[in-house]
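Each chain, written out:
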Amino acid sequence: MYEEYYSGLKHFIECSLDCHRAELSQLFYPLFVHMYLELVYNQHENEAKSFFEKFHGDQECYYQDDLRVLSSLTKKEHMKGNETMLDFRTSKFVLRISRDSYQLLKRHLQEKQNNQIWNIVQEHLYIDIFDGMPRSKQQIDAMVGSLAGEAKREANKSKVFFGLLKEPEIEVPLDDEDEEGENEEGKPKKKKPKKDSIGSKSKKQDPNAPPQNRIPLPELKDSDKLDKIMNMKETTKRVRLGPDCLPSICFYTFLNAYQGLTAVDVTDDSSLIAGGFADSTVRVWSVTPKKLRSVKQAADLSLIDKESDDVLERIMDEKTASELKILYGHSGPVYGASFSPDRNYLLSSSEDGTVRLWSLQTFTCLVGYKGHNYPVWDTQFSPYGYYFVSGGHDRVARLWATDHYQPLRIFAGHLADVNCTRFHPNSNYVATGSADRTVRLWDVLNGNCVRIFTGHKGPIHSLTFSPNGRFLATGATDGRVLLWDIGHGLMVGELKGHTDTVCSLRFSRDGEILASGSMDNTVRLWDAVKAFEDLETDDFTTATGHINLPENSQELLLGTYMTKSTPVVHLHFTRRNLVLAAGAYSPQ
């Protein structure tokens, strides 16, 4: 019976005009799945099997993984354990169709009295109807491919404060040493040009920024202020990147990492590097000549004169100095690692379902956060410290504060594992990438989902925000890097070139270049300025979500750098715009 209905609809769609055909073809996949599940659920096993065999070849290539899962569900009992399929039955699959195509479909189904199909459409599909021209096949293919269809246009309408918070005002003392150094060699004193570019950027309040006190952020400590001053000094020596001035790449290869390297992080000032391993250890290395030292034992600390100038130096125990520290405590592979901005703490998340907070003063575990019951795939500190986010196999991301042992927010809505989590530079939002092939943006203030981005054809494994907070880049197992405009909620670019999962993405410090690292053992550099500059986001694109993606990956690709046989697990731009990349050598 279902076979007749499906064939009838298929015939109707294939005979319809070209402009409607592309849009109505979107119906094939959700109807196919629902009809198949309906047959299985009502225990018509043989009919289900023949239905599947007859029509699964019609589906788009990017649904193959789902169809593989589907073909293994042949009995009603199989469905009970499969959460993804239960979700598929209970949540509505979203299609965007123009009003003309919709009217055409409705007329056809009512003439034929195809109530079965119409019931499925009513019950399981959400048709987001827009006025205007039907979309082309290419426009549709760019946006579809997620587990629940596209995002409703309403989902991306709410206001997002994507601007940056105002920087605190800190006076930067001028360097006397530099000036004297120049004089000794007999050169005249160079007048230092006033570096207004850095200062002026932060003084004005960004019109798109959230109010300073929208979420409570920790106070700056004196050590943080010193660090900011150091950062500003480094910034004056930063290399301006561009198509003609590409960064150097320094690659840290983990050799003999038979423990299986599963996560890497580098501190903002590029002084420490941490690796999470499959043997459940976390290892921390010092990348600078400065060795890692622990604080002395309590008995020795009591003997120190608290008033002395070098008290911070005296509390360190020279006997413990080494380049590498190993942190033991997890009972499963460590999939996520993140340093706190002040470099006092390190977070790690593991297959054992916990996130641990380690002290980098004593190199011991301070807290184990338990909330996920399944593996935790990623964790990251907020750019302001104190808060952190974690995401895992339980399909939820959680927001924590270091001094609470229970999560402050739970971000629920993904239909499959949350593979990666990232904070927005202003710390008011969190982005999550999932195996349901969608990216969601969540508001930290109230836990609401404010953006849903669809378009990837495989699980998403990497995310990064541009430094100005306006754009998001995402990478997935389909080897594509997609670029999104957060304010308008639109896809604005697609970078093709990688041939395997993109597992790391990073923008340069001023956002001129996007670096992507992949399992295909390459690092690629893309021209981010050019990718975002031609954006005239006017009202028509926002209203209909019609985007014409330029096929300009080749023009935007500035360079491809092969490693010998090392997947690129992590990328980092130093404060002077040198790229640090890391991965474990895997002999073929």
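Residues numbered from 1 in each chain as written. Predicted model: local features only at pLDDT ≥ 70, side-chain atom pairs only at ≥ 80, totals over all residues. Heavy atoms only, no water.

### Quick word on the overall build of the chain
Argument step 1. Secondary structure summary: the chain contains 18 helices and 29 strands in total.
Argument step 2. Buried residues in the chain amount to 51% of all 588 residues.
Argument step 3. Put simply, of all contacts in the chain between residues at least 6 apart along the chain, 60% involve residues at least 24 apart.
Argument step 4. Surface exposure of the chain reaches about 27800 Å², of which carbon and sulfur atoms provide 51%. (Helix = DSSP H or I, 4+ residues; strand = E, 2+ residues; numbered from the N terminus. Buried < 20%, exposed > 50% of the residue type's maximum accessible area, 1.4 Å probe, protein only. Contact = heavy atoms within 4.5 Å. Areas by Shrake-Rupley, 256 points an atom, 1.4 Å probe, with all protein chains shown as cover.)

### What to know about the UniProt feature "repeat: WD" (unreviewed entry) in the chain
Argument step 1. Mapped onto this numbering, the UniProt entry annotates "repeat: WD" (unreviewed entry) at residues 254–295, 327–362, 369–400, 411–452, 453–486 and 495–527.
Argument step 2. Regarding residues 327–362, the helix share stands at 0% and the strand share at 53%, and the terminal C-alpha atoms are separated by 10 Å.
Argument step 3. The annotated region residues 495–527 carries 0% helix and 58% strand content, and the separation between its end C-alpha atoms amounts to 10 Å. (UniProt positions renumbered as here; feature names shortened; annotations may be inferred.)

### What to know about the packing of helix α1 (residues 2–15) against helix α4 (residues 45–55)
Argument step 1. The geometry of α1 relative to α4 is characterised by a closest axis approach of 10 Å and an angle of 20 degrees between their N-to-C directions. By the angle between their directions, the pair α1 and α4 is classed as roughly parallel. For the pair α1 and α4, the sense of crossing is right-handed. Of the residues in α4, those in contact with Y2, E3, Y6 and S7 of α1 are E47, S50, F51, K54 and F55.
Argument step 2. Split by residue class, the contact of α1 with α4 holds 4 nonpolar, 2 polar and 3 charged. (Axes fitted to C-alpha atoms, helices over the stretch in contact; angles between N-to-C directions. Parallel < 35°, antiparallel > 145°, perpendicular 65-115°, else oblique. Left-handed = near helix turned anticlockwise from the far one by under 90°. Nonpolar A, V, L, I, M, F, W, Y, C, P; charged D, E, K, R; others polar.)

### Some remarks on the nonpolar core
Argument step 1. Membership of the largest hydrophobic core comes to 45 residues, with the highest contact counts inside it found for F32, L37, F51 and L70.
Argument step 2. Looking at this core, the element that brings in the most residues is helix α3 (residues 28–41), giving 10 residues. (Core = buried A, V, L, I, M, F, W, Y, C linked by side-chain atoms within 4.5 Å.)

### Comments concerning the packing of aromatic side chains
Argument step 1. By the definition in use, this model includes 18 aromatic pairs.
Argument step 2. Residues F51 and F55 carry aromatic rings whose centres are separated by 5.3 Å and whose planes lie at 65 degrees to one another, so their mutual orientation is edge-to-face. One end of the pair is F51 and the other is F55, both in helix α4 and 4 residues apart, which spans about a single turn. For the pair F51 and F55, one class covers both residues: buried.
Argument step 3. Within the aromatic cluster, the residues linked to one another by ring pairs are F32, Y36, F51, F52 and F55.
Argument step 4. Above the ring of F277, the side-chain terminus of R283 is found at 5.3 Å from the ring centroid. (Phe/Tyr/Trp six-rings, centres within 6.5 Å; stacked < 30°, edge-to-face > 60°. Lys NZ or Arg CZ within 6 Å of the ring centre and 35° of its normal.)

### Details of the packing of α3 against helix α5 (residues 64–71)
Two numbers describe a pair of packed helices, the interaxial angle and the distance between the axes.
Argument step 1. Close contact between α3 and α5 brings their axes to 11 Å; oriented N to C, the two are set at 10 degrees. On the basis of their axis angle, the class for α3 and α5 is roughly parallel. From α3, Y29, F32, V33, Y36 and L37 reach across to α5, where they touch D66, L67, L70 and S71.
Argument step 2. When its residues are assigned to classes, the contact of α3 with α5 shows 7 nonpolar, 1 polar and 1 charged.

### As for α3
Argument step 1. Over its 14 residues, α3 extends 20 Å from the first C-alpha to the last, a length consistent with the 20 Å expected when each residue adds 1.5 Å.
Argument step 2. α3 sits mainly inside the fold: 12 of its 14 residues count as buried.
Argument step 3. Of the positions making up α3, those classed as buried are F28, Y29, P30, L31, F32, V33, H34, M35, Y36, L37, L39 and V40.
Argument step 4. Q43 sits one or two positions beyond α3 and adopts a positive phi of about 65 degrees. (Expected span 1.5 Å × (residues − 1).)

### Considerations on the environment of L27
Argument step 1. In this fold, L27 is placed in the loop between α2 (18–24) and α3.
Argument step 2. Take L27: its relative accessible area is 1%, and that puts it in the buried class.
Argument step 3. When the C-alpha atoms of L27 and I97 are compared, they prove to be 9.9 Å apart, with 70 residues separating the residues in sequence.

### Examining the sheet that holds strand β18 (residues 438–443)
Argument step 1. Pairing within the open sheet is antiparallel, and its 4 strands lie in the order β16-β17-β18-β19. Here the strands that pair on one side only, and so sit at the sheet edges, are β16 (418–423) and β19 (449–454). Neighbour-to-neighbour, the strand axes of the sheet open up by a mean angle of 20 degrees, direction not taken into account. (Pairing = 2+ DSSP bridges.)

### Some words on the side chain of E23
Argument step 1. Residue placement: E23 occurs in helix α2.
Argument step 2. Here the side chain of E23 touches S98 through a polar contact of 2.7 Å, side chain to side chain.
Argument step 3. Not counting the four nearest positions on each side in its chain, E23 is found in contact with R96, I97, S98, S101, F130, P134, R135 and I140. (Polar contact = N/O pair within 3.5 Å; in protein donor to acceptor, adjacent residues only side chain to side chain.)

### Brief notes about helix α9 (residues 115–124)
Argument step 1. Within α9, burial applies to I117, W118, I120, V121 and H124. What you see down the axis of α9 is that its buried residues fit within an arc of 165 degrees, all on one side. (Arc of directions from axis to C-beta.)

### Concerning the side chain of D378
Argument step 1. Along the chain, D378 falls in strand β12 (residues 376–381).
Argument step 2. A polar contact is formed between the side chain of D378 and the backbone nitrogen of T421, at a distance of 3.0 Å.
Argument step 3. Residue contacts for D378: discarding those within four places in its chain leaves G336, S349, V389, S390, G391, N419, C420, T421 and R422.

### Comments concerning the pattern of salt bridges
Argument step 1. According to the stated counting rule, one finds 17 salt bridges in the structure shown.
Argument step 2. R214 serves as the salt-bridge partner of D443, at 2.5 Å between the closest nitrogen and oxygen. Taken as a pair, D443 in strand β18 and R214 in the loop between α12 (196–203) and α13 (222–236) lie far apart in primary sequence, 229 residues in all.
Argument step 3. Measuring nitrogen to oxygen at the nearest pair gives 3.2 Å for the salt bridge that ties R343 to D269. Placement of R343 in the loop between β8 (334–339) and β9 (345–350) and of D269 in the loop between β4 (261–266) and β5 (272–277) is noted, with a sequence separation of 74 residues between them.
Argument step 4. Its relative accessible area of 25% is what places D269 among the partly exposed residues. (Salt bridge = Lys/Arg side-chain N within 4 Å of Asp/Glu carboxyl O.)

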